[in-house]
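If you want the building blocks of each chain, they are given just below.
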Amino acid sequence: MTTDIDPFHAIAISRLAHALKAEGRSVIHMEFGQPSTGAPPAAIEQAHRVLDADSMGYWESAPLKDRIVRLYEDRYGVAITADRLLLTCGASPALVLALSSRFSPGDRIAMARPGYVAYRNTVKALRMTPVEIACGPAEHYQLTAAALDALDPPPAGVIIASPANPTGSVIETAELAEIAAICRRKTIQILSDEIYHGLSYVGPQPTMLAFAPDAMVINSFSKYWSMAGWRLGWLLVPTEQVERARAYIGNLFLTPPSLSQHAGLVAMDQHEVLEGHIEVYRRNRALMLGALPGLGLKSIAPPDGAFYIWADIGHLTDDSVAFCEALLRETGVATAPGVDFDPVDGSRFMRFSFAVSTPQVEEALERMRPWFAARLRD
Ligand SMILES: Cc1ncc(COP(=O)(O)O)c(C=O)c1O
């Protein structure tokens, strides 16, 4: 069995972007899905305060867990208990924890293609087998219950992400319920990555727990709470899996930084600041959607949530890595090549992140207009 995992090409683009910047070039970073806003000011103030007072030992914040329990009540109307929560250093270790504690090497794990690069690669690194389901315009770029049902034999697990990276597309509520029903019938463990919840332009998204109470749910402070570098997130597991997941987290990861837990707790109450970020993303999204057809990018995934545009560039290139590199070198706009997210068709796609400021989006579009026009003429 090959366990090789693929490189993350957007990291190479980002390295080049920083090298160009060091040479004095002006660079706009649209390659990573990383909010440019930073943590809410009240969270940073709290971090300053606790630095002097806290000994920063291993710690699992009970108040933070209680606050997350309340988030599920307030946001989704779903009751959970704090003992089912495991605090992690973001969604990435939560994914490793969920997969390693629940599945065995050789297990088949279904996921959408295109999809977040680490799903495929983490599954492979843990000696499991990714089963990628092609999801295009006909499927709203998302997993469907029918596609999952058609897998023979059924996979041991499925990773759901709604809104998704790199497309931003969401799964309709009725379809989520249908997916849950099929998974129940076929004993497929659901792993729902809800990292982009709170960032939706088509109304609030339900948690998978509403349809599948035994789903494992991942979330993180990296996106909605704008705290990527603080490395904080959680995994919610069904009661019968708590003991096993605890054994795994204790050995693999221990606890997230106590400083981040203090700050994260405060961030969870900063609604005004956080909703302000979404207004920026909403404006940026509208600007991008208004301008992309003029760049010749007419085929894009529905950006229902998150802060991404997944665009078909098949009429311009069959090498998205070279294309994104040329765009960066010639305009200073850094973007992510599609191959990271789709090993089969990604050479003709690219992803823009609009989690930057609105003036930066405007500037990026200004720079890209003549560049794309020249490519269209070639
Ligand atoms: C869908 C998805 N899941 C997980 C992650 C990892 O996030 P974290 O910073 O919480 O590890 C990302 C990061 O971009 C993501 O897009």
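My aim in this report is to walk through the structure given alongside it, one point at a time. Every value quoted in this text rests on a predicted model; they were computed, and no experiment measured them.

A short note on the pattern of salt bridges
- For the structure on display, the rule yields 14 salt bridges.
- With its nearest N and O atoms 3.0 Å apart, the salt bridge here joins Arg-329 to Glu-325. With Arg-329 and Glu-325 both in helix H11 (residues 320–331), this residue pair falls four residues apart, about one helical turn.
- Judged by relative accessible area, which is 43%, Arg-329 ranks as partly exposed.
- Salt bridges sharing common partners tie together Glu-60, Lys-65 and Arg-246.

What to know about the side chain of Thr-167
- Residue position: Thr-167 is located in the loop between strand E5 (157–161) and helix H7 (173–186).
- Given the relative accessible area of 1%, Thr-167 is considered buried.
- A polar contact is formed between the side chain of Thr-167 and the side chain of Ser-169, at a distance of 2.8 Å.
- When neighbours within four sequence positions are excluded, Thr-167 is seen to be in contact with Pro-114, Tyr-141, Ala-301, Pro-302, Pro-303, Tyr-308 and Trp-310.

Section: empty space enclosed by the protein
- The final tally for this structure, using the stated rule, is two cavities of 30 Å³ or more.
- In this structure, the largest cavity spans a volume of roughly 80 Å³.
- Taken together, Met-111, Ala-112, Pro-114, Gly-115, Tyr-119, Gln-142, Leu-143, Ile-159, Ile-160, Ala-161, Ala-164 and Asn-165 make up the lining of the largest cavity.
- The dominant element in the lining of the largest cavity, judged by the number of residues it contributes, is E5, at three residues.
- There is about 50 Å³ of room inside the second largest cavity.

Details of the pairing of strand E7 (residues 216–220)
- Across the five residues of E7, five count as buried, placing the element largely inside the fold.
- What you see with E7 is no split at all: Met-216, Ile-218 and Ser-220 on one side and Val-217 and Asn-219 on the other are buried throughout.
- Here three bridges tie strand E6 (residues 189–193) to E7, and the two strands are oriented parallel to one another. Within E7, the residue paired with Leu-191 across the bridge is Met-216.
- With four bridges connecting them, E7 and strand E8 (residues 233–236) associate as antiparallel partners. Residue pairing in the sheet places Val-217 in a bridge with Leu-236 of E8.

Side note on the pairing of E8
- Burial along E8 is two-sided: Gly-233 and Leu-235 facing one way and Trp-234 and Leu-236 facing the other are all buried.
- As paired strands, strand E2 (residues 85–88) and E8 are joined by four bridges and run antiparallel to one another. Considered in E8, the bridge of Leu-87 is made with Trp-234.

Observations concerning helix H2 (residues 41–53)
- Taking 1.5 Å per residue as the helical rise, H2 with its 13 residues ought to reach 18 Å, and the 19 Å between its terminal C-alpha atoms agrees with that figure.
- Those residues of H2 lying buried are Ala-43, Gln-46, Ala-47 and Val-50. Angular distribution of buried residues about the axis of H2 spans 105 degrees; they occupy a single face of the element. Of the exposed residues in H2, those oriented more than 90 degrees away from the buried face are His-48, Arg-49 and Asp-52.

What about the packing of aromatic side chains?
- For the structure shown, the criterion picks out 18 aromatic pairs.
- For the ring pair Tyr-196 and Tyr-308, a centre distance of 5.6 Å and an interplane angle of 85 degrees mean the geometry is edge-to-face. In this pair, Tyr-196 sits in the loop between E6 and E7 while Tyr-308 sits in strand E9 (residues 308–312), placing the two residues 112 residues apart along the sequence.
- Note on Tyr-308: relative accessible area 0%, which makes it buried.
- Aromatic pair Phe-221 and Trp-225: ring centres 4.9 Å apart, planes at 40 degrees, arrangement tilted.
- Relative accessible area serves as the criterion here: at 0%, Phe-221 is assigned to the buried category.
- Chaining the aromatic ring pairs together yields one cluster made of Tyr-72, Tyr-76, Phe-221, Tyr-224, Trp-225 and Trp-234.
- A cation over an aromatic ring shows up here: Arg-75 above the ring of Tyr-224, its NZ or CZ 5.2 Å from the ring centre.

How each quantity is defined
Numbers given to residues run from 1 along each chain, matching the order in which its sequence is written. This being a predicted model, a pLDDT of at least 70 is required before a residue's local features are given, and a value of 80 or more before pairs of side-chain atoms are given or counted; all residues contribute to the totals for chains, interfaces and linings. To obtain the side-chain values, all non-hydrogen atoms of the structure were included, while hydrogens and water were left out. We define a salt bridge as a side-chain nitrogen of Lys or Arg found within 4 Å of a carboxyl oxygen belonging to Asp or Glu. Helix and strand definitions follow DSSP, with helices as H or I runs of at least four residues and strands as E runs of at least two, each counted in order from the N terminus. Partly exposed residues are those whose accessible area sits between 20% and 50% of the maximum for their type, while under 20% is buried and over 50% is exposed, using a 1.4 Å probe and protein chains only. Residues adjacent in sequence count toward polar contacts only when both atoms are side-chain atoms; beyond that, a polar contact is any pair of N or O atoms within 3.5 Å, and within protein one must be able to donate a hydrogen and the other to accept it. Whether two residues are in contact is decided by their heavy atoms, any of which lying within 4.5 Å being enough. Every definition here rests on a 1 Å grid over the protein atoms only: cavities are sets of points where a 1.4 Å probe fits but cannot get out, pockets are open sets enclosed by protein on both sides within 12 Å along at least five of seven lines, and lining residues have some atom within 4 Å of a point. Grid points are joined across faces, edges and corners, and a volume is the space filled by probe spheres set on the points. Two strands are said to pair when DSSP picks up at least two bridges between them. Here a helix's expected span is defined as the number of its residues, less one, multiplied by 1.5 Å. The directions from the helix axis to the C-beta atoms form the arc being described. Each Phe, Tyr or Trp ring, with Trp reduced to its six-membered ring, pairs with another whose centre is within 6.5 Å; inter-plane angles below 30 degrees give stacked pairs, above 60 give edge-to-face pairs, and intermediate values give tilted ones. Placement of a positive charge over a ring is assigned whenever Lys NZ or Arg CZ falls within 6 Å of the ring centre and within 35 degrees of the normal to the ring plane.

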